[in-house]
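One letter stands for each residue in the lines below.
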Amino acid sequence: MIRTLLARATVIAATACAATVLTAAPAAAHGADAPDGSDYRTRVTGVTPARPGLTVRVIEAGARLELTNRTGRAIEVIGYSGEPYLRIGPDGVYENSRSPATYLNRTLAGDTALPADADPAAPPSWRRVDDGATVRWHDQRALWQESAPPDAARVAPEREHRVRDWTIPLRDGADPAQIAGTLDWVPPPDAYTWWAVTIVGLLAVGALGLLAAAYTAGARALSAVGVLLVVGGAVAVLYPVGRELDAGAQGVGGVLAGLLGGQVWALLTGLGALAAGGYALARRPAADFAVALAGACLALFSGVANAAVFTRSVAPVPWSSEVARVMVAAVLITGVGATAAGVLRLHAASRAATRSAEAADAQRGATPAG
């Protein structure tokens, strides 16, 4: 039994460690075309002339804009060729199916092919897309679309640079207005420092598995790993909640819908780590295997999946990027460290069981026949 658990935990640990190393580069984007981080900070400086009840903010680390219209009037967002693109009013949100922006803004890269009837000079053909008062969209005017950073950033990468001031025209009935904002390049953090701290931390947690389980120190070590898993699990649940809030989720129902729709694995692994931590604190049978399994899943689905914040200056959460990096480091330290500790304890238990079996066999062989 112990050998089987050890073999399974070893496979899990190897997978977690390999994934941690191989995906140290920015991770793939989550659902809704939201990046895991960016080196470009987009800000909205205001709407001019001001419209009471009309608010605009940046979401998803600058990937999209969110406009909420509670003026009681229809507000139009103007597309790239001066054509009506979006209309937000008391009767809901509409998009102009003949506006090229309708298709170009469906992805962050703006690479959607235009249909034949996309013509900015044609009369608008409005299609209702939502019955609320809020719309969210990618807008190339507020983004940096090139793969290489701006020239100024390449010359002086140690400081921030203003890429451009941008505007997006609006129309309130017959009156023109505009959203104004800024786009800045922000130097990325020192990823090597963050990874070095993370590796030292996970090695320290993993070393708890070296303490013999049969002694008081080993029991306390298991409890310590359990506490760390509870903390890591809580952080792993909080981080995707923050991402959903940053993406514009409203209320508990909106956050839950976003989590279940796009970040269900991060949520489940966080909850699993909480359960495994309680299992370890209770010193239940097979706690070592539970710790190893929960730690590996935590590291993979909540740590590695968000490790892009180590290499990106702007994180897609409603708190500071430094706090986001600390949270991801804590999840990785807890996850990989708990996996290593669990595997070491399983290995020690397997060796102890083998020695006991050998001693029993030797004793039986030395006993004279009746």
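Summarised in this report is the structure supplied together with it. Here the structure is a predicted model, which is why all the values come from computation and not from measurement. (Residues numbered from 1 in each chain as written. Predicted model: local features only at pLDDT ≥ 70, side-chain atom pairs only at ≥ 80, totals over all residues. Heavy atoms only, no water.)

Some remarks on helix H6 (residues 251–262)
- Here H6 contains twelve residues, and its C-alpha end-to-end distance of 17 Å stays within 8% of the 16 Å for a straight helix at 1.5 Å per residue.
- What H6 keeps buried is the set Val255, Gly258 and Leu259. On an axial view of H6, the arc spanned by its buried residues comes to 100°, and they lie on one face. Opposite the buried face of H6, by more than 90 degrees, sit the exposed residues Gly253, Ala257, Leu260 and Gly261.
- Its buried side turned inward, H6 meets helix H5 (216–246) and helix H7 (264–281). (Helix = DSSP H or I, 4+ residues; strand = E, 2+ residues; numbered from the N terminus. Expected span 1.5 Å × (residues − 1). Buried < 20%, exposed > 50% of the residue type's maximum accessible area, 1.4 Å probe, protein only. Arc of directions from axis to C-beta. Contact = heavy atoms within 4.5 Å.)

Structural notes on the packing of aromatic side chains
- Applying the stated criterion across every chain yields a total of four aromatic pairs.
- A ring pair is formed by Trp194 and Phe310, whose centres lie 5.9 Å apart and whose planes are at 15°; its orientation type is stacked. One end of the pair, Trp194, is in helix H4 (residues 191–206); the other, Phe310, is in the loop between helix H8 (287–303) and helix H9 (321–366), with 116 residues separating them in the sequence.
- In this structure Phe310 comes out as buried when scored by relative accessible area, which is 0%.
- Ring centres of Trp195 and Phe310 lie 5.1 Å apart, and the angle between their planes is 90°; on these two criteria the pair is classed as edge-to-face. In this pair, Trp195 is assigned in helix H4 and Phe310 in the loop between H8 and H9, connecting sequence segments 115 residues apart.
- Residue Trp195 is classed as buried on the basis of its relative accessible area, which comes to 13%. (Phe/Tyr/Trp six-rings, centres within 6.5 Å; stacked < 30°, edge-to-face > 60°.)

Considering empty space enclosed by the protein
- A full pass over the atoms with the stated rule returns one cavity of 30 Å³ or more.
- Size it by volume and the largest cavity reaches roughly 40 Å³.
- Lining the largest cavity are Val235, Ala236, Tyr239, Pro240, Ser302, Asn306, Met327, Val328 and Val331.
- Counting only elements with at least two residues in the lining of the largest cavity, the list comes to H5 and H9.
- Considering each element in turn, the lining of the largest cavity owes the most residues, four residues, to H5.
- Considering only residue class, the lining of the largest cavity consists of seven nonpolar, two polar and no charged. (1 Å grid on protein atoms, 1.4 Å probe; cavity = no way out; pocket = protein on both sides within 12 Å on 5 of 7 lines; lining within 4 Å. Points joined across faces, edges and corners; volume = space filled by probe spheres on them. Nonpolar A, V, L, I, M, F, W, Y, C, P; charged D, E, K, R; others polar.)

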